[in-house]
Amino acid sequence: MKLRINKRQRILILRIFFLPTLFYLLPTEVSAQDSLNVRSVGRWPYGPSYAVAVDSARNLTVLGSGGGLYILDTSDPTSPVKLSEFATPGLVRDIALLGEYVYVADGGWGLRIIDISDSSSPSEIGANNTPGHALGATVSGNYAYVADGRMGLRIIDISNPSSPTEVGAQNIPGKTVGVAVSGNYAYVVNGMSLRIIDISNPSSPTEVGFYDTPGSAQDLTLSGNYVLVADGDSGLRIIDVSNPSSPMEVGSLDTPGSARGIALVGNISYIAEGPGCPFCPSSLRIIDISNPSSPTEVGFYDIPWPSFLNRVDVVGGFSFVTDGVRGLRIINIFDPSSPFEVGDYETPSYAWGIYLAGNFAYLADGSTGLRIIDITNPSSPTETGDYNTPGTAWKVSISGIHAYVADGDSGLRIIDVSNPSSPFEVGYYDTPGYALGIVVSGSLAYVADGETGLRIIDISNPSSSFEVGNYDTPGYARDVSVVAVYAYVADGDSGLRIIDITNPSSPTEVGFYDSPSDVLSVTISGNYAYVASGNGLRIVDVSNPPAPFEVGFYDIPGVAFEVAISGLYAFLTGWTNGLRIIDISNPVSPSEVGFYITPGPARGVTTSSNHVYVANGAAGLIILEFLGVGVEEEKVKLKIQNVKLLQNQPNPFRSRTTVPGSPAKVHGLSGFGTAPEPEKLTEAPWVKWPPASRLSPMIVSPGLVSASITAPLACAPECGWTLAKLQPNSALARSIASCSTSSDGWQP
């Protein structure tokens, strides 16, 4: 019996608990080899916003967006205007702004120094590739202090911005996420506690004291002898550090949500909070700390779900708050007791699906709908237009002048893209389930609709679409491919289902393939179905649809999400393990011949000519080139410097890896290998619930819960929320109640 989850529950799971926090759950390292036979050609890297800093003198706001920066003119807070944008090699986690320089904590690519003296043309002038994962940054004097994830605190000499050099470091337990500096001390939070580091000698920092906060310490700011900590579920904690070796808590205020970011002006602190419970709003809390032992809330501003506030900066009567779902929020705080929103700037979301048509890439971009990217020059893709669909865009297909979007709880949306700079909706069909996959054939759209299976929609009149038939598959339909008179449905734990659609009003199942793990995506080429299932590619012979059978498989290091076929190669996305390229010239014995570890989670994939296009989650779109087997890849990578190498395990390869000795197969302009390029197909989302590291991972998907999990919130990732208060005795609550950061073993 299938578990049915209503639309409000689904949108809660995907938009609030999964999508916004996904940004913090991205890979913290790159492998020793970050590519093989593949090079980066271009990126459009923008995604959710999780960092902000304001230059009050120039009325500039620098907004971290996925893998890049937006420079905004906020002289009129009610109407921010983008002046420029700048791509960083990693994912922007934090920003420190000092004078004409922006110091970016850029995740796996360390500290980047961006010159914004010309706000219309920012440029990188220096970088230091820290050994960990840069999550926080601040600047004091000639030094930048970087909260470097599991590699602790790094101290970087920036007296010469073009050549920043590490001069000291301090190991800190856990994952260092935030840092502030005053005098001879650096104050660091690591998700569990406040650590106090003596930096009087920057080359030899020493921890002198610590204080374990009751919640999940996420951010901090300083006020005289006090450190104010945004402590997740435990709200605001005020720590007296007048004696650095013996810090003590002197006051606290348990705010209703999950305190993520904090700023201070005078005696007023501003806390950006994520939601504290299902369907609850995010909020800005305004707290008077003039009496540190008794902080008092003087005002608040709620932002209805779906929203997820993270960081906050305050300048001149306005609070600038990042919302992982909607971008930048600008809140008037002249009267702290009655704040109100005056402006916003919407940034992209998570790129899940991709379709190519002509000179454009169409991205299914999660909560912000459809994004249209001009790829005429693959080395410099630019956004042309966008349309914000009402649901969560997972997949897109193009036919004629229309884009067809699988929009989650909002079903099928039909967008006129005849003018790519000004797309608009012309029709929709609200499917009964959760639309995850879409393919169009003739006048019919085939929708993989989650728990309600396959839906067949007549789109001959886009403004008045209607369902002509359906087949309720036994599992959770995530993806669909259509060839001739058959629809092939990736049906989760019910494997691959083959549906006869000769009569669309009465589709019938004729065969199925029971994969050993959940089937997430499928594409058909010739007599074979190529299935992304579990952690690998399964090759299934479908020449006789009533009796499909597996002929070969290849396991990749991570989770296989989607597959595209071009000639002799399968291009498989592996989430944190990037793009994997599999030689399928012998379907019985496929082998990996290339890979590329993408800056964000690799999700959707398609190919065109000699390029591979990957929907890269929080990092937007990345365009790659497969160089062919045995062809030395170019040594240059786009906007990437000081490449960091971490030892892979085992070294040098996995036990199944082989080094081909046959003559190289080199792609030509018509595609990869010699076989014709297949039709562009579809993809579907999948979520792996990341339990605490002490537990075994459990796999679930939107609307489908494994037998060991009974709550519809099972898709929620580890976070700072204490869900134990909802169901204190449930296994779900016990496993995530005290978690504030992802476990080491987390996979998507």
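Predicted model, so just to flag it, every value in this text is computed and none were measured. Along every chain, residues carry numbers that run from 1 in the direction the sequence is written. At least 70 in pLDDT is required for a residue's local features to be given in this predicted model, at least 80 for side-chain atom pairs to be given and counted, and no such filter applies to totals for whole chains, interfaces and linings, which use all residues. Excluding hydrogens and water, the side-chain figures rest on all heavy atoms present in the structure.

Caption draft 1: Expanded view of the overall build of the protein. Here a helix means four or more residues in a row that DSSP labels H or I, a strand means two or more in a row labelled E, and each is numbered from the N terminus. What the protein contains, in helices and strands, is 2 helices and 59 strands. Counting only residues that meet the buried cut, the protein has 64% of its 748 residues in that class. Two residues qualify as a contact provided that any one of their heavy atoms is within 4.5 Å of a heavy atom in the partner residue. Long-range pairs, those at least 24 residues apart, make up 51% of the contacts in the protein with a sequence separation of at least 6. Shrake-Rupley sampling with a 1.4 Å probe provides the accessible areas, and residues are treated as covered by the protein chains on show and by no other component. Carbon and sulfur atoms make up 48% of the accessible area of the protein, which totals about 24,500 Å². The rule is simple: take the accessible area with a 1.4 Å probe, protein chains only, and divide by the maximum for that residue type; under 20% is buried, over 50% is exposed, in between is partly exposed.

Caption draft 2: How the structure looks around the sheet that holds strand 26 (residues 296-303). For two strands to pair, DSSP has to find at least two bridges joining them. The strand order 23-24-25-26 describes an open sheet built from 4 strands, whose pairing is antiparallel. Among the strands making up the open sheet, the edge pair consists of strand 23 (258-265) and strand 26. Each strand of the sheet is rotated relative to its neighbour by a mean of 20 degrees, with strand direction disregarded. Examined bridge by bridge, strand 24 (residues 268-274) and strand 25 (residues 282-288) share 6 bridges and lie antiparallel to one another. By the bridge assignment for strand 25, Ala-272 is matched with Leu-284. Helix axes use the C-alpha atoms of the stretch in contact, all axes being lines fitted to C-alpha atoms, and the angles between their N-to-C directions lie in the range 0 to 180 degrees.

Caption draft 3: Geometry of the packing of aromatic side chains. The aromatic pairing rule takes the rings of Phe, Tyr and Trp, using the six-membered ring of Trp, and pairs them if the centres are within 6.5 Å, calling planes under 30 degrees apart stacked, those over 60 edge-to-face and the rest tilted. Enumeration over the complete set of coordinates arrives at 17 aromatic pairs. Note on Tyr-70 and Tyr-345: the rings are 5.8 Å apart at their centroids and 70 degrees apart in plane angle, and the pair reads as edge-to-face. Linking Tyr-70 in strand 5 (residues 68-73) with Tyr-345 in strand 30 (residues 340-345), this pair joins segments that are 275 residues apart in sequence. An identical accessibility class is assigned to Tyr-70 and Tyr-345; each is buried. When the NZ atom of lysine or the CZ atom of arginine is within 6 Å of a ring's centre and also within 35 degrees of its normal, the charge is said to sit over that ring. The ring of Phe-210 carries the charged tip of Arg-195 above its face, separated from the ring centre by 4.4 Å.

Caption draft 4: Fine view of the sheet that holds strand 55 (residues 604-608). Taken together, the 4 strands give an open sheet; going across it, the order is 2-57-56-55, and neighbouring strands pair in antiparallel fashion. Here the strands that pair on one side only, and so sit at the sheet edges, are strand 2 (38-44) and strand 55. Across the sheet, the mean angle from the axis of one strand to that of its neighbour is 25 degrees, orientation sign disregarded. Judged from the 6 bridges that link them, strand 2 and strand 57 (residues 621-626) form a sheet pairing that is antiparallel. Bridge pairing in strand 57 places Ser-40 opposite Leu-624.

Caption draft 5: Spotlight on the state of the cysteines. The disulfide criterion is simple: two cysteine sulfur atoms within 2.5 Å. Per the stated rule, a full pass over the model turns up 1 disulfide. One disulfide in the model links Cys-277 with Cys-280; its S-S distance is 1.6 Å. Exposure remark for Cys-277: the relative accessible area of 24% places this residue in the partly exposed category.

Caption draft 6: Summary view of the pattern of salt bridges. Whenever Lys or Arg places a side-chain nitrogen within 4 Å of a carboxyl oxygen from Asp or Glu, that contact is recorded as a salt bridge. For the structure on display, the rule yields 21 salt bridges. Between Glu-341 and Arg-329 there is a salt bridge whose closest N-O contact spans 3.3 Å. Of this pair, Glu-341 sits in strand 30 while Arg-329 is found in strand 29 (residues 327-332), placing the two residues 12 residues apart along the sequence. Residue classification places Glu-341 among the partly exposed positions, given a relative accessible area of 22%. Three or more residues are tied together by salt bridges with common partners; here these are Arg-285, Glu-297 and Asp-302.

Caption draft 7: Just the environment of Ala-490, in detail. With respect to the helices, strands and loops of the structure, Ala-490 is situated in strand 44 (residues 486-490). The exposure class of Ala-490 is buried, given its relative accessible area of 0%. Along the chain, Ala-490 and Asp-479 lie 11 residues apart, while their C-alpha atoms are 5.0 Å from each other. Residues within four places of Ala-490 in sequence aside, it is in contact with Tyr-476, Ala-477, Arg-478, Asp-479, Gly-495, Leu-496, Val-519, Leu-520, Ser-521 and Val-522.

Caption draft 8: Quick peek at the environment of Ser-460. Mapped onto the fold, Ser-460 is located in the loop between strand 41 (454-458) and strand 42 (466-471). Take Ser-460: its relative accessible area is 54%, and that puts it in the exposed class. Taking the C-alpha atoms as reference, Ser-460 lies 7.3 Å from Leu-444; in sequence the two are 16 residues apart. In protein, a polar contact means a hydrogen-donor-capable atom and an acceptor-capable atom, both N or O and within 3.5 Å, with residues adjacent in sequence counting only if both atoms are side-chain atoms; elsewhere, any N or O pair within 3.5 Å suffices. There is a polar contact of 2.6 Å between the side chain of Ser-460 and the side chain of Asp-458.

Caption draft 9: Molecular detail of the nonpolar core. Of all hydrophobic cores here, the largest spans 25 residues; its most connected members are Leu-328, Ile-354, Ile-375 and Leu-621. What Leu-328 contacts, discounting residues up to four positions off in sequence, is Val-52, Thr-61, Leu-63, Leu-72, Phe-320, Val-321, Gly-343, Asp-344 and Tyr-345. Nonpolar cores were defined as sets of buried Ala, Val, Leu, Ile, Met, Phe, Trp, Tyr and Cys residues, with membership established by side-chain atoms within 4.5 Å. Listed in part, the 17 residues of the second largest apolar core include Leu-568, Phe-571, Ile-581 and Val-605.

Caption draft 10: Summary view of the confidence of the model for the protein. Confidence of the predictor at the level of single residues is given by pLDDT, which spans 0 to 100. In the predicted model, the protein carries a mean pLDDT of 84, and 80% of its residues have values of at least 70. For residues 632-670, every residue scores under 50 in pLDDT, and the model assigns this stretch 76 contacts once sequence neighbours within four places are set aside. Throughout residues 674-748 the model reports pLDDT below 50, and contacts reaching past four residues in sequence, or to other chains, amount to 204 contacts.

Caption draft 11: Broad picture of the side chain of Asn-37. Counting through the fold element by element, Asn-37 comes out in the loop between strand 1 (35-36) and strand 2. Within polar-contact distance, the side chain of Asn-37 engages the backbone oxygen of Val-593 at 2.7 Å.

Caption draft 12: Structural context of the pairing of strand 55. Strand 55 sits mainly inside the fold: 4 of its 5 residues count as buried. Taken together, strand 55 and the strand that follows it, strand 56 (residues 611-615), pair antiparallel across an intervening segment of 2 residues, in which Ser-609 is found at a positive phi of about 55 degrees.

Caption draft 13: How the structure looks around unusual backbone geometry. Between Trp-305 and the following residue, Pro-306, the backbone shows a cis peptide bond with an omega angle of 0 degrees. Positive phi outside glycine occurs at Asn-59, with the angle close to 55 degrees. Mapped onto the fold, Asn-59 is located in the loop between strand 3 (49-55) and strand 4 (60-65). One non-glycine residue, Ser-609, lies in the positive phi region at around 55 degrees. As for its position among the elements, Ser-609 is in the loop between strand 55 and strand 56. We classify Ser-609 as partly exposed; its relative accessible area is 24%.

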